[in-house]
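# Inside the fold
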Amino acid sequence: MARRIGLLGGTFNPVHIAHLRAALEVVDFMGLDELRLVPSARPPHREAPQVSAEQRLAMVELAVADEPRLCVDDRELRRDKPSYSIDTLESLRGELAADDQLFLILGWDAFCGLPGWHRWQDLLLHAHILVLQRPDADSDAPQALRDLLAARSVSDPLTLKGPGGQISFIWQAPLAVSATQIRTLLGRGTSVRFLVPDAVLAYIHAHGLYRASN
């Protein structure tokens, strides 16, 4: 039987409850066999994180340790070049059965930025794209994406067929938590308990991460 695997990438700097809740909601809604969190080593679209890739990986591993449906894929950290999603999809697709379904999960803002991604038009050769759409999203997709949506969008994500090639939307009301907010609070010496898993918080404190001197 074909497997259904989700991919959620990011810097996870640090991983927090909004990442994890969004991931679990997608797993439950789509009936995924697993969802892989993919920490990026050298994100090409933003500044390099101030903590090491190994530390970000360790925090994600701690965050999902007790949730069997979530796991960590570290292939981008093992790649000695920028973290391009197309390379990740090609690599993973080569390890799967031909009929296994891959779902690349993107937030609305990331989706709108797709035309700036490396070989972005090849992504659908290897996976479906699931866009997490917020009720308060107010930006418009660029014309290149509107054309793609006209050709490839499916209104009901539960009807996506085959290993890849289509786009659909999942509506979510996100938690008002961001990694930027957490780093700011930690830099001020303010508690971030309940914004990140306890194991992640213990790791942050044990390694002195995100202090103002960083």
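Scroll up to find the structure.
We now turn to the structure provided with this report. (Residues numbered from 1 in each chain as written. Predicted model: local features only at pLDDT ≥ 70, side-chain atom pairs only at ≥ 80, totals over all residues. Heavy atoms only, no water.)

## Observations concerning the packing of helix H2 (residues 53-64) against helix H7 (residues 198-206)
Relative to each other, H2 and H7 sit at 150°, their axes nearing to 8 Å. The angle between H2 and H7 falls in the class roughly antiparallel. In the crossing of H2 with H7, the sense of the turn from one axis to the other is right-handed. Between H2 and H7, the contacting residues are Gln55, Ala58, Met59, Leu62 and Ala63 on the first element and Ala199, Val200, Tyr203 and Ile204 on the second. Of the residues that constitute the contact of H2 with H7, the class distribution is 8 nonpolar, 1 polar and no charged. (Axes fitted to C-alpha atoms, helices over the stretch in contact; angles between N-to-C directions. Helix = DSSP H or I, 4+ residues; strand = E, 2+ residues; numbered from the N terminus. Parallel < 35°, antiparallel > 145°, perpendicular 65-115°, else oblique. Left-handed = near helix turned anticlockwise from the far one by under 90°. Contact = heavy atoms within 4.5 Å. Nonpolar A, V, L, I, M, F, W, Y, C, P; charged D, E, K, R; others polar.)

## What to know about the sheet that holds strand S6 (residues 167-171)
If you walk across this open sheet you meet the 6 strands as S3-S2-S1-S4-S5-S6, and the pairing is parallel. In the strand order of this sheet, the two ends are held by strand S3 (70-72) and S6, each with one partner. Averaged over all neighbouring strand pairs, the angle between strand axes comes to 30°, with direction disregarded. Where strand S5 (residues 128-133) meets S6, 5 bridges bridge the pair, whose relative direction is parallel. Looking across to S6, one finds that Leu130 is bridged to Ser168. Strands in contact with helix H3 (residues 85-93) are strand S1 (4-10), strand S2 (34-39) and strand S4 (101-107); relative to S4, the strand with the most contacts, it is inclined by about 160°. (Pairing = 2+ DSSP bridges.)

## What to know about the pairing of S5
Most of S5 is tucked away, with 6 of its 6 residues classed as buried. Two strands pair when backbone bridges link them, and S4 and S5 are joined in this way by 5 bridges, in the parallel orientation. Bridging across to S5, Gly107 finds its partner in Leu132. (Buried < 20%, exposed > 50% of the residue type's maximum accessible area, 1.4 Å probe, protein only.)

None of this, on its own, says anything about what the molecule does.
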